[in-house]
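# Summary of structural features
Residue-level listing of the chains:
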Amino acid sequence: MESIIQGKAFVLGKNIDTDQIIPAEHLVYSLSDPEEVKLYGKYALSGVPPAQSGLPEGNIPFVREGSFKSDYTIIIAAENFGCGSSREHAPFSLQVAGVKAIIAESYARIFYRNCVDGGFVIPYETAEHLAEVVKTGDELKIDIKANTLENLTAGKTYTLNPLGDVFSIVEAGGIFAYARQENLMNRTDS
Amino acid sequence: MAQTITQKILSRAANRKFVDAGENVWLNVDILLTHDVCGPPTFDIFNQEFGLGAKVWDPEKIVVLPDHYIFTANEHARRNIDLLRKFAAEQHLPHYYDVGSERYKGVCHVALAEEGFNIPGTVLFGTDSHTCTSGAFGMFGSGIGNTDAAFILGTGKLWEKVPESMKFTFDGQMPAYLTAKDLILQILGDIGTDGATYRALEFDGDAIHSLPMEERMTLTNMAIEAGGMNGIIAVDEVTEAFVKARTTKSYEIFHSDPDAKYHSLYRYDASKLEPVVAKPHSPDNRATVRSVAGTPITKSYIGSCTGGKLTDFKMAARILNGRKVAVTTNIVPATVQVARDLEQEMHDGKTLKQIFMEAGCNIALPSCAACLGGPADTVGRSVDHDVVVSTTNRNFPGRMGSKNAEVYLASPLTAAASAITGKLTDPRDFI
Ligand code: SF4
């Protein structure tokens, strides 16, 4: 696992639900066919109402028209990110668009599990109200070992909550990698 | 050590005497549920991780109920059904309910109950966030993603953090104008959409135990709308009668210990509560129907796992009987069984179906339909600036189709009353 994640911030508000992350009409594409997979990147965060997309100004598309990748690597959000349906297409679409980490004040459980167990993006929590101070486009740097976030544009550093219990799954790259490593995939044990 | 009902069920599944809230434990899973949206990617991951030709852990414990995108010409959606069919055949899954066949059921959470898969004391995981619905049967039900589901497919196990429980007690009698939907919208307004994240919502009290199973399912269904891991109601005679009529499996009944620890306790007097809605665009945006009465609507939608069960239609029929709707009103039975019941169940000498037809409603085929928007040709999908009153469970922006539409979540009584006037209307105006 890399120890530094660096890139541009895309800032969102609270209660970003999975219908906003990937609207239901797009759930029909294959998650394994490489050409169709690209569409998940294209439509990532396409359900966010324009005024809330890319705060503080808003009206910033997460993925530019005609592109399948986003210019943004780190999502900053307020509380309850990923609420709503269980669709794993949500963290997947963010990964396909190029997101490496999300930093939110809190997450909905299924989304959080999906991020960790699927090894899609790292879901960091923080007590800081980052969505109010970070601006979309700011250059950010996450130090995974130190659990810190540096805003290179604003020259500020913040503390992230340690990943705790799930760190070993994140580090392994998902539940399957972790289970293999820990020998948990033996079906006859109980 | 004292435990809540949720802790006891998870202890059993973890082969332990006691599990504490906050602990991560590995659980033996009793049933894995999946559907047409999340089944194919789950099977893909399973084949990648366990190898092509690998066998699932236990075909008897896998239930595949296609329900989301059923009656559509969308090619991708149809391909998903083909993928389910193929996997079910390869793995010899006995509980696959194929689209277009006599076995087709409809919305998975309601079909699970009808088919006797909800067994008290057991652990169910499903690739759908409303898997918590089954908690109405004194069991643990919770939603997961495809990767977790693929892991269960191969191993029969999953890790989970034991949740703290929040207890919601409803005393008193339910007035005729009040439904389970009003109770859960009340709770959501009080605790918010993240008020129960990673926690169990335990429902108790005389008012709860006076409800039929289907109404109880409406409560536990929307536990996820507060971020809950599961919703749960202890087994009583009503539960046992329902379960015994549908399965011969034996089961274990758990109750919370009187001194079990709770995160928080809430108490309501059901007789004092009023019909409420959740205003756009969040299930916790509660208002009394009276306070928003008169807001013009363009559609009424009665359907989904939350509001498309027989009891929901019985309630709607009470109001629609002998009246005409003023706006497009879609009646979407959750399952084939519910659709059949609409033709059998009588009210005032007419079948429910007759009542709805005479009122001018559209009756759609059983599936999730516009509850989640769906492909462009989905029945009831919201368009442009529609204002919809709906018995579904989510009103996030774009959830029912159009991003510009506004959705008011309401009980079937409120949805029916509003359909008649073309404005949000308190059901007490008609009862
Ligand atoms: S009816 Fe709606 S909420 Fe229920 S399973 Fe279908 S899409 Fe989900």
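Model, not experiment: these values are computed from the prediction.

Conventions and cut-offs
Counting restarts for each chain, with residues numbered from 1 along the sequence as it is written. Numbering of ligands from 1 and lettering of chains from A proceed in the order in which they are written. It should be noted that, the model being predicted, local features are given only for residues of pLDDT at least 70 and side-chain atom pairs only at 80 or more, the latter also being counted only at that level, while totals for whole chains, interfaces and linings use all residues. By convention in this description, side-chain values take in all heavy atoms of the structure and omit both hydrogens and water. Stacked, tilted and edge-to-face are the three classes assigned to paired rings of Phe, Tyr and Trp, where Trp is represented by its six-membered ring and a pair needs centres within 6.5 Å; plane angles under 30 degrees give stacked, over 60 edge-to-face, the rest tilted. Every helix listed is a DSSP run of H or I at least four residues long, and every strand listed is a run of E at least two residues long, numbered separately from the N terminus. For the exposure calls, accessible area comes from a 1.4 Å probe over protein chains only, and a residue counts as buried if that area is under 20% of its type's maximum, exposed if over 50%, partly exposed in between. Either the NZ atom of lysine or the CZ atom of arginine qualifies as a charge over a ring when it sits within 6 Å of the ring centre and within 35 degrees of the ring normal. A pairing counts as a salt bridge when a side-chain nitrogen of Lys or Arg comes within 4 Å of a carboxyl oxygen of Asp or Glu. For two strands to be treated as a pair, DSSP must find no fewer than two bridges joining them. Working definition of a nonpolar core: buried Ala, Val, Leu, Ile, Met, Phe, Trp, Tyr and Cys residues. They are joined through side-chain atoms within 4.5 Å. Two residues qualify as a contact provided that any one of their heavy atoms is within 4.5 Å of a heavy atom in the partner residue. Whether a residue is near a molecule or strand depends on its heavy atoms: if one lies within 4 Å, it is near. Two kinds of site are reported from a 1 Å grid over the protein atoms alone, namely cavities, where a 1.4 Å probe fits but cannot get out, and pockets, open sets with protein on both sides within 12 Å along at least five of seven lines, and residues are called lining when an atom falls within 4 Å of a point. If over half the atoms of a molecule are within 2 Å of the grid points of a cavity or pocket, the molecule is regarded as sitting in it. Side-chain classes are defined by residue name, with Ala, Val, Leu, Ile, Met, Phe, Trp, Tyr, Cys and Pro counting as nonpolar, Asp, Glu, Lys and Arg as charged, and the others, Gly among them, as polar. Those domain boundaries reflect an automatic or database domain assignment. Grid points are joined across faces, edges and corners, and a volume is the space filled by probe spheres set on the points. Summed over both partners, buried area is the accessible surface (1.4 Å probe) that two parts give up on being assembled. Each polar contact in these results corresponds to two N or O atoms within 3.5 Å; when the atoms are within protein, one needs to be able to donate a hydrogen and the other to accept it, and residues that are neighboring in sequence are counted only if both atoms are side-chain atoms. Axes here mean lines fitted to C-alpha atoms, for a helix over just the part in contact, with angles spanning 0 to 180 degrees between N-to-C directions.

### Structural notes on the packing of aromatic side chains
Scanning the model with the defined rule gives 24 aromatic pairs over all chains in all. The interplanar angle of 10° and the centroid separation of 4.7 Å between the aromatic rings of Phe170(B) and Tyr268(B) together place this pair among those described as stacked. Here Phe170(B), found in strand β8 (residues 164-171), pairs with Tyr268(B), found in strand β11 (residues 264-269); they are 98 residues apart in sequence, far enough to count as distant. Its relative accessible area of 0% is what places Phe170(B) among the buried residues. Here a set of aromatic residues connected by ring pairs shows up, and it is made of Phe176(A), Trp26(B), Phe43(B), Phe46(B), Phe50(B), Phe87(B) and Phe151(B). Sitting over the ring of Phe68(A), Lys38(A) keeps its end group 5.4 Å from the ring centre.

### Focus on the pattern of salt bridges
When the charged atoms of two side chains with opposite charge come close together, those side chains can pair. This structure, assessed with the given rule, holds 38 salt bridges over all chains. Between Glu35(A) and Lys38(A) there is a salt bridge, with the nearest N and O atoms lying 3.5 Å from each other. Linking Glu35(A) with Lys38(A), this pair stays in helix α2 (residues 34-42), spanning 3 residues, or about one helical turn. The class for Lys38(A) is partly exposed, based on a relative accessible area of 33%. Taken together, the salt bridges that share partners define one network made up of Arg109(A), Arg113(A), Asp117(A), Asp148(B) and Glu160(B).

### Here's the deal with the sheet that holds strand β2 (residues 31-34) of chain B
All names here are of chain B. Judged by pairing direction, the sheet is parallel, and its 5 strands sit side by side in the order β4-β3-β2-β5-β6 without closing on themselves. The outermost strands of the open sheet, each flanked by one partner alone, are β4 (95-96) and β6 (140-143). Pairing of strand β3 (residues 62-64) with β4, which is carried by 2 bridges, proceeds in the parallel orientation. Looking at β4, one finds that Val64 is bridged to Tyr96.

### A look at the nonpolar core
What tends to happen in soluble globular proteins is that the nonpolar side chains get buried as a cluster. Counting 119 residues, the largest nonpolar core has Phe62(A), Ile76(A), Phe81(A) and Leu94(A) as the members making the most contacts within it. If near-sequence neighbours (up to four positions away) are discounted, Leu94(A) is found in contact with Ile21(A), Ala44(A), Leu45(A), Phe62(A), Ile75(A), Phe81(A), Val99(A), Ile102(A) and Phe111(A). Counting 40 residues, the second-largest nonpolar core is a separate cluster that includes Ile191(B), Ala207(B), Ile224(B) and Leu273(B).

### A short note on the site of the ligand
All names here are of chain B. With respect to spatial proximity, the complete set of residues near the ligand consists of His68, Val107, His109, Asp128, His130, Ser304, Cys305, Cys368, Cys371, Leu372, Asn393 and Arg399. Placement of the ligand is best described as lying within the largest cavity. Each residue belonging to the shell around the ligand can be placed in one class, and the counts come to 5 nonpolar, 5 polar and 2 charged. A domain-level breakdown of the shell around the ligand finds at least three residues from each of domain 1 (5-247 + 262-268) and domain 2 (276-429).

### Notes on empty space enclosed by the protein
Residues and elements named next belong to chain B. For the structure on display, the rule yields 4 cavities of 30 Å³ or more. Size it by volume and the largest cavity reaches roughly 220 Å³. Surrounding the largest cavity, 23 residues form its lining, His68, Asp128, His130, Leu372 and Arg399 being those nearest its centre. Class assignment of the residues belonging to the lining of the largest cavity gives a composition of 8 nonpolar, 10 polar and 5 charged. Here the lining of the largest cavity spans two domains, and each of domain 1 (5-247 + 262-268) and domain 2 (276-429) adds at least three residues to it.

### Observations concerning the interface of chain A and chain B
Interfaces are often sized by the amount of accessible area the parts lose when they come together. Between chain A and chain B, the contact holds 50 residues from the first and 54 residues from the second. When chain A packs against chain B, close to 4,000 Å² is buried across both sides, 53% of that on carbon and sulfur atoms. Summed over the shared surface of chain A and chain B, the number is 23 residue pairs in polar contact (both at pLDDT 80 or more). Only α1 (18-21), α4 (109-118) and α7 (175-181) of chain A provide two or more residues apiece to the side of chain A that touches chain B.

### Observations concerning the domain arrangement of chain B
All names here are of chain B. The domain boundaries assigned to chain B delineate domain 1 (5-247 + 262-268) and domain 2 (276-429). Summarising the inter-unit geometry, the C-alpha centres of domain 1 and domain 2 are found 24 Å apart. Between domain 1 and domain 2, the contact holds 40 residues from the first and 40 residues from the second. In this assembly, domain 1 packs against domain 2 so that about 3,200 Å² is buried in total across both faces, 61% of it on carbon and sulfur atoms. Contact with domain 2 buries surface across domain 1, with Lys181, Leu185 and Glu214 losing the most and accounting together for 17% of the total. Taken together, the links from domain 1 to domain 2 amount to 2 salt bridges. Here Arg286 makes a salt bridge to Asp190, at a shortest N to O gap of 2.7 Å. Here domain 1 is connected to domain 2 by 25 residue pairs in polar contact (both at pLDDT 80 or more). Counting only elements with at least two residues in the side of domain 1 that touches domain 2, the list comes to α4 (108-114), α6 (180-191) and α8 (213-221). The element that contributes the greatest number of residues to the side of domain 1 that touches domain 2 is α6, accounting for 7 residues.

### Section: the sheet that holds strand β5 (residues 139-143) of chain A
All names here are of chain A. If you trace the 7 strands from one edge of the open sheet to the other, you get β4-β3-β2-β1-β5-β6-β7, paired in mixed fashion. The open sheet has two edge strands with one neighbour each: β4 (122-125) and β7 (156-159). Each strand axis lies, on average, 30° off the axis of its neighbour in the sheet, ignoring direction. Pairing analysis gives 3 bridges linking strand β2 (residues 74-76) to strand β3 (residues 101-104), with the strands arranged parallel. Bridging across to β3, Ile76 finds its partner in Ile103.

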